Amino acid sequence: MKLLEGKKALIFGIANKNSIAWGIAQTFHEHGAEIGFSYGIPQLERRVRPLAAQIDVEFIEMCDVSSDEEIADLFQKAAGHFGEIDILVHSIGFAPREELAGRYVDTSREGFKIALDISAYSLVALAKAAQPLMPNGGSIVSMTYYGSEKVVPHYNVMGVAKAALEASTRYLAADLGPDNIRVNAISAGPIKTLAAAGVGGFRKMLGYTAERAPLRRNVNQKEVGRTALWLCSDLGSGVTGEVVYVDAGYHILGMPEPPEKWG
Ligand code: NAD
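Cut-offs applied
- Residues numbered from 1 in each chain as written.
- Predicted model: local features only at pLDDT ≥ 70, side-chain atom pairs only at ≥ 80, totals over all residues.
- Heavy atoms only, no water.
- 1 Å grid on protein atoms, 1.4 Å probe; cavity = no way out; pocket = protein on both sides within 12 Å on 5 of 7 lines; lining within 4 Å.
- Points joined across faces, edges and corners; volume = space filled by probe spheres on them.
- Helix = DSSP H or I, 4+ residues; strand = E, 2+ residues; numbered from the N terminus.
- Nonpolar A, V, L, I, M, F, W, Y, C, P; charged D, E, K, R; others polar.
- Near = heavy atom within 4 Å.
- Polar contact = N/O pair within 3.5 Å; in protein donor to acceptor, adjacent residues only side chain to side chain.
- Sits in = over half its atoms within 2 Å of the grid points.
- Pairing = 2+ DSSP bridges.
- Axes fitted to C-alpha atoms, helices over the stretch in contact; angles between N-to-C directions.
- Contact = heavy atoms within 4.5 Å.

Some details on the layout of surface pockets
- In this structure, the largest pocket spans a volume of roughly 1,100 Å³.
- Around the largest pocket sit 42 residues that line it, and S91, I92, G93, F94 and A195 are the ones nearest its centre.
- Listed by contribution, the elements that provide at least two residues to the lining of the largest pocket are β2 (34–39), β5 (138–144), α5 (156–176), α6 (194–197) and α7 (202–212).
- In terms of residue count, the dominant contributor to the lining of the largest pocket is α6 (three residues).
- For the lining of the largest pocket, the residue count by class is 27 nonpolar, twelve polar and three charged.

Looking at the site of the ligand
- Neighbouring the ligand are 29 residues, the closest being S19, I20, K162, I191 and T193.
- Contact between the ligand and I191: an oxygen atom at 2.7 Å from a main-chain N or O atom of the residue.
- Within the side chain of T193, a nitrogen or oxygen atom sits 2.5 Å from an oxygen atom of the ligand.
- Assessed atom by atom at 2 Å from the grid points, the ligand resides in the largest pocket.
- Elements with a contribution of two residues or more to the shell around the ligand: β5, α5 and α6.
- It is α6 that contributes the most residues to the shell around the ligand, three residues altogether.

Here we look at the sheet that holds β2
- Here we have seven strands laid out as an open sheet, ordered β3-β2-β1-β4-β5-β6-β7, and parallel in their pairing. Taken across any chain shown, the strands that pair with only one partner, and hence form the sheet edges, are β3 (59–62) and β7 (243–246). The mean inter-strand angle of the sheet, taken between neighbouring strand axes irrespective of direction, is 20°.
- Bridge count between β2 and β3: four bridges; the pairing is parallel. By the bridge assignment, Y39 is partnered in β3 with M62.
- Lying on the sheet, helix α2 (residues 45–54) is in contact with β2 and β3; it crosses β2 at an angle near 175°.
- Helix-sheet contacts for helix α8 (residues 221–232) involve β4 (87–90), β5, β6 (181–188) and β7, and the interaxial angle to β6 is about 160°.

What follows is the structure in structure tokens.
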């Protein structure tokens, strides 16, 4: 059964074939959605276009989400192409590389502003711009990480930005709920992507999580895609304002050591 037949989805944040947004896009395509892509910088176009061709994406536009003008322009084009949309995927995160190493206490004012603007405020700006294109309701999904709740080495200001993203998810869900627009976030376990490579010691995070998570492995982009699928299809019609974990169960652990080590 195809769960997104007749639905139109605008997906932000595809950089390459490893992007979580690409896992989501493939899953949505398998389930019959008509998809549009937005990517962040001109250099990505040559990677994004071949992926778009694989799943019949015609709408491919650049949009730097730190610019209100670019967001307005993008949504004007999307309105022209799609008329209305049903789904918005926000799979965007950025912090200057120097902020993702060392101690959080050394975060610069500028680094803080950039991380919060691109990784959290942009969800608010995109949701506001998408609302007029969702007259019959819709579903908005963004991507977060457990570093919003607990201290994860080197995740630093991104953890603070993800906390703001998760709080924004709840406030947006309350504001847009009366229009039947649902807003949720997926908290994914570590996955090897371009953005993840910017986090100091990321490889260690992968190994540490896989060794301790209840499922004893890491998750992949397709597993995140399948959760986005139920949140954005009618299967998720009663769910809004939630953070849903796709992390092989890692976040449930109070003392994250493999039972073998407890003896
Ligand atoms: P990715 O590098 O493939 O995607 C990040 C995207 O953000 C890129 O497409 C990039 O172009 C875009 N972006 C950055 N600045 C932008 C701007 N100013 N305007 C528009 N787009 C911009 O990496 P990913 O891991 O797939 O990241 C997607 C989302 O998933 C991010 O929010 C990330 O924090 C989150 N996430 C990732 C992991 C992980 O381990 N990979 C885990 C949990 C959550």
